[in-house]
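# Notes for the structure review
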Amino acid sequence: MNFDSVNNKKDIIADFFNQNPHYKPDIWHANKLEVSKEYYEQLHPYRNKIDFSCCENNYLKNEIKYYFGSSLNEGLYSLSTIFEGKAHRLKHMLKFLDEIYPHKKTILEIPKERLMFHYKSHLIENGIKVTSIRKGNKTAVTPLVSLMSTFYDYMYDTFDQTPEYEKDIWDGTKLPIEINYTNTSTKKLKFTKVNPNYRELAKRYLYTRVVLLKNLTFSIGCRYLHELSIFLNFLNDNYPALLIKDIERKHISAYLELVKNKMILNKATRSKIKATNVYISANLTIVRKFIGDLKILDWDEAPTHHIEALFLPDDNPHRTKSESFDNPKYIPDYIWDQVVENIHLIGDRYVPIILIMEGSGFRGSDVLGLKINCLERDNKGDYWLVGDQRKVNYKNHKVPISEELAKVVMSQQEICKQSLTPENNPEGFLFVSYRGPRRGKPQTTATLSRVLQEFAEKANIRDVNGEVYRFKNHAFRHRYGVTLINNGMNIVHVQRLMAHASPEMTLAYAKIHDQTLKEAYFKAKNKGGVKFNIEGSLVKTDIDEQAAENDLELEWIRHNYDSIRMDHGMCIKSNKMKCDYAEKVIEPPCIANNCRSFHVDSSFIDYYKSQIATLENDIQIYAKKGHARSLEFADKKIQNYRRILKEISEKGNLSGMPKERREYVGEERENSV
């Protein structure tokens, strides 16, 4: 470790107390701290004092006061967090440090592992718990233990001068790379799990990939390190004298057996299961890439054997696609309608995030990572949302958005600009935290997921089974893709808009579209319907019968359901047959001309009710003004509409047609061939 000298650090802390004299006393009163004036009234009356005097080691005591004071000044902790949360746990920590380390001049003289071991032992000896069980049977350290750990980490991060790439634990925020701040699980690269014999090689490899070449994101680098540690530790445990350059096929075969029999955690059940094909494939892919890269980089550790001689095609098990890949879960219209109806129940800071996710197709993490200047307007006046697609490393991806959504973005921009300072939003995020440990960083995807689930319960949003709907952040993106496909957009254009690296995911939306059409078809079929016969009378029928009448395959009808549906009914006519009424100006010509390929069912009831109401009003106006010709057309039209409404309003299934009415006659038969 390379820390500032003790005297230098002592000077920095002394300067801090000179600039902030209210932190210098051993007893703090909340009402005397300048940072707390506007928040003092919110504190509990019995928790407005912190006493540091029980620690006689002034070096360590001043470091703790520096930690608390700096955290308040920087907005990492609120006044209530310090005085009501951490202060009443401080006494155990101060007494421990005074008793065990009375002569230490800095906490950083003590290796953290040793410090935490001694502190936990001290607490256990005094009958105090050091771990607790949380939701899902997860074990976590208690706040008492956590306070010591966070204090040490703060001092280490503040005063350690060692270059990040030389450490055994890398902080991604201190490397010259882009970090996805919306993911809280990928802040550190911990090489402590790699055997010391291979640790420097692992560091050099990941530094090359993540920092120099930048062809690996920091989060994926964490996954690489986890899988490589298994492989490198296997080599050290089983072949301690083996150099990587001398690896042979037999060593890879032995490792493959280890991986196949490895027990892994099932995230759903939190239980151990035997390694799945997906896990085995992912692990071997990373190990193979690592060894292959050693040869490409021409490092001394590169194996002498060819990569194809070490790894055989059959080593990597076939990975079956998950059900969610071919059937992505998207937010259907009936759920989105419930969201819109109850959107006032979501906190104001999350409403624009949800609207942008639904209206842009950006991944949740990419929406949270948007910058203030993310909105553009072209010379036609259309708005575009601009942001990075981190998963596929696509910079400044642009998608067109509606004017309404653009106004949402502009409103959020104004909120940011009013509070923007170099300290609270140095990178100019659109959705940023202004206080607390995440000050200057965007919201996290985990927080967004929690907010959405709380919203679903509060708003009582239910799925088709009557269960509280479980939102997934990515489901908003899937909704966007499905909507584009359902509205007839070319699949290639959808792929480009959504920045899909492969067309496979986009094709999954097309499958949803097919299913949507199929379901719509069966709904229409179950409702029955009516059509015009030769004499112009309405007779009962259904889609299947009219399809057979026009020599149409039912599959064609299902697949093209949205194209045959019009405002006032459906056109069940073969595309081989010319429409005799397409050029007619009377609206709508299929009703005015008693077209026998016209189909209408009860799903059009609302349309005919509204049209009849409009016509009734028009007829009154025509009668008053003496417009006889207009009155004649309107009267004929309203009679047809009333006939249709009467027929489709009848309950029960509608009977079919006799055979002679299903057959073409004369010229119709010739034209259909």
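Think of each chain on its own: its residues are numbered from 1, step by step along the sequence as written. In keeping with the model being predicted, local features are shown solely for residues with a pLDDT of at least 70 and side-chain atom pairs are shown and tallied solely at 80 or more, while totals for entire chains, interfaces and linings include all residues. Heavy atoms throughout the structure, all of them, feed into the side-chain values; hydrogens and water do not.

The next point concerns the overall build of the chain. Only DSSP runs of H or I reaching four residues or more are called helices, and only runs of E reaching two or more are called strands; each is numbered from the N terminus. Tallying secondary structure elements over the chain gives 27 helices and 15 strands in all. Put simply, of all contacts in the chain between residues at least 6 apart along the chain, 63% involve residues at least 24 apart. Note on areas: Shrake-Rupley, 1.4 Å probe, and residue coverage restricted to the protein chains presented here. Carbon and sulfur atoms form 49% of the exposed surface of the chain, whose accessible area is close to 36800 Å². Throughout, a contact is declared for two residues whenever any of their heavy atoms are within 4.5 Å.

This part takes up helix α8 (residues 249–260). One less than the number of residues in a helix, times 1.5 Å, gives the span that helix is expected to have. The end-to-end C-alpha distance of α8 is 16 Å, a good match for the 16 Å that twelve residues give at a rise of 1.5 Å each. Relative accessibility under 20% of the residue-type maximum defines a buried residue, over 50% an exposed one, and the middle range a partly exposed one, all with a 1.4 Å probe and only protein chains included. Turning to α8, its buried residues number three or more, namely H251, I252, Y255, L256 and V259. Around the axis of α8, the buried residues are gathered within 140° of arc, so they sit on the same side. In this description, one arc is meant: the one made by directions from the helix axis to the C-beta atoms.

If you walk across this open sheet you meet the three strands as β9-β10-β11, and the pairing is antiparallel. Edge strands, defined here as strands with exactly one partner in the open sheet, are β9 (375–377) and β11 (394–401). Averaged over neighbouring strand pairs, the angle between their axes works out to 35° when direction is ignored. Sheet topology note: the strand β10 (residues 383–389)/β11 ladder contains six bridges and is antiparallel. The residue of β11 that forms the bridge with V386 is K398. Paired strands are those between which DSSP finds at least two bridges. With axes taken as lines fitted to C-alpha atoms, and helix axes fitted only over the stretch in contact, angles between N-to-C directions fall between 0 and 180 degrees.

By definition, a salt bridge exists where a carboxyl oxygen of Asp or Glu is found within 4 Å of a side-chain nitrogen of Lys or Arg. Counting across every chain of the model gives 26 salt bridges. The salt bridge involving R199 is made with D168; its shortest N-O contact spans 3.2 Å. With a gap of 31 residues between them, R199 in helix α6 (residues 196–212) and D168 in the loop between α5 (143–159) and β5 (169–171) connect regions that are remote in the sequence. R199 sits in the buried class, given a relative accessible area of 15%. Overall, D168 belongs to the partly exposed group, its relative accessible area being 30%.

Among the seven residues that make up β10, five are buried, leaving the element largely enclosed by the rest of the structure. Both β9 and β10 contribute to a ladder of three bridges, which runs antiparallel. Bridge pairing in β10 links R377 to Y383. Count of turn residues in the β9/β10 antiparallel hairpin: five residues, of which G381 carries a positive phi of about 90°.

As a further point, take the nonpolar core. Of all hydrophobic cores here, the largest spans 50 residues; its most connected members are L206, F231, I244, F290 and I291. Looking at this core, the elements that each hand over two or more residues are α6, α7 (218–238), α8, α9 (277–296) and α10 (307–310). For this core, the leading source of residues is α7, giving ten residues. F231 has contacts with I247, I252, Y255, V287, F290 and I291, leaving out every residue within four places of it along the chain. In this structure, F52, I110, L144 and M155 belong to the second largest nonpolar core, which totals 46 residues. Buried residues of nine kinds, namely Ala, Val, Leu, Ile, Met, Phe, Trp, Tyr and Cys, make up a nonpolar core once their side-chain atoms join them within 4.5 Å.

Our focus in this paragraph is the packing of α6 against α7. As a packed pair, α6 and α7 sit with axes 10 Å apart at the nearest point and diverge in direction by 155°. In this view, α6 runs roughly antiparallel relative to α7, as classed from their interaxial angle. The hand of the α6/α7 crossing is right-handed. Of the residues in α7, those touching α6 at N197, Y198, A202, Y205, L206, R209 and V210 are F218, G221, Y224, L225, L228, L232, L235 and N236. Oblique is the label for every angle not falling under 35 degrees (roughly parallel), over 145 degrees (roughly antiparallel), or within 65 to 115 degrees (roughly perpendicular). Helix crossings fall into two classes, left-handed where the near helix is turned counterclockwise from the far one by less than a right angle and right-handed where it is turned clockwise.

To continue, consider the packing of aromatic side chains. Stacked, edge-to-face and tilted labels apply to pairs of Phe, Tyr and Trp rings (six-membered ring for Trp) whose centres lie within 6.5 Å, assigned for plane angles under 30 degrees, over 60, and everything in between, in that order. Per the counting criterion, the structure on display carries 28 aromatic pairs. Here the aromatic rings of F96 and Y119 are separated by 4.9 Å at their centres, their planes lie at 50°, and the arrangement is tilted. With F96 in helix α3 (residues 79–100) and Y119 in helix α4 (residues 112–125), this pair connects stretches of sequence that are 23 residues apart. Considering the side-chain rings of F455 and F471, the 6.3 Å spacing of their centres and the 35° angle between planes classify their relative orientation as tilted. Placement of the pair is F455 in helix α16 (residues 445–458) and F471 in the loop between α16 and α17 (473–486), with a sequence separation of 16 residues. Taking relative accessible area as the criterion, F455 reaches 3% and is therefore assigned buried. Through a chain of ring-to-ring contacts, three or more aromatic side chains come together here, namely F16, F17, Y23, W28, F52, Y66, Y67, F68, Y77, F151, Y154 and F159. Positioned above the aromatic ring of F17, the side-chain terminus of K65 is 5.5 Å from the ring centre. In this structure, K371 packs its charged tip against the face of F429, placed 5.3 Å from the ring centre. Cation placement over rings: the criterion is NZ of Lys or CZ of Arg within 6 Å of the ring centroid and within 35° of the ring normal.

Relative orientation of the contacting elements α3 and α4 amounts to 115°, with a least axis distance of 11 Å. Considering their axes alone, α3 and α4 lie roughly perpendicular with respect to each other. Between α3 and α4 lies a crossing of right-handed hand. In this structure, α3 contributes H92, M93, F96, L97 and E99 to the contact, and α4 contributes L115, H118, Y119, H122 and L123. Residues were grouped as follows: Ala, Val, Leu, Ile, Met, Phe, Trp, Tyr, Cys and Pro as nonpolar; Asp, Glu, Lys and Arg as charged; and all remaining residues, including Gly, as polar. Taken together, the residues that form the contact of α3 with α4 break down as six nonpolar, three polar and one charged.

On to the environment of I543, then. You can see I543 is positioned in helix α20 (residues 543–549). Relative accessible area serves as the criterion here: at 0%, I543 is assigned to the buried category. I543 sits 15 residues away from G528 along the chain, and the two C-alpha atoms are 7.4 Å apart.

A few words on the confidence of the model for the chain. The predicted model of the chain averages 82 in pLDDT, with 81% of residues at 70 or higher. When pLDDT is averaged over each helix and strand of the chain, the minimum, 32, is found for helix α26 (residues 659–662) and the maximum, 96, for α6. How sure the predictor is of each residue is captured by pLDDT, a score from 0 to 100. Per-residue pLDDT stays below 50 along residues 651–673; that stretch engages in 38 contacts with residues further than four places along the chain or on separate chains.

Glancing now at helix α2 (residues 58–73). Counted at 1.5 Å a residue, the expected span for α2 with its 16 residues is 22 Å, and the 22 Å between its end C-alpha atoms agrees. Judged by how many residues are buried, α2 sits mostly within the fold: twelve of 16 residues are covered. For α2, every residue scored as buried is listed here: L60, K61, E63, I64, K65, Y66, Y67, F68, G69, S70, S71 and L72. Between a side-chain oxygen at the N-terminus of α2 and the backbone nitrogen of Y59 the separation is 3.0 Å; the capping residue is N57. Pairing of N or O atoms within 3.5 Å defines a polar contact, subject to two protein rules: one partner must be a possible hydrogen donor and the other a possible acceptor, and residues neighboring in sequence count only if both atoms are side-chain atoms.

On to unusual backbone geometry, then. Residue N396 is not a glycine yet carries a positive backbone phi of 50°. Looking at the secondary structure, you find N396 in strand β11. Even without being glycine, N594 reaches a positive phi, approximately 50°. Among the secondary structure elements, N594 is positioned in the loop between α23 (589–592) and β15 (598–599). A relative accessible area of 28% places N594 in the partly exposed class.

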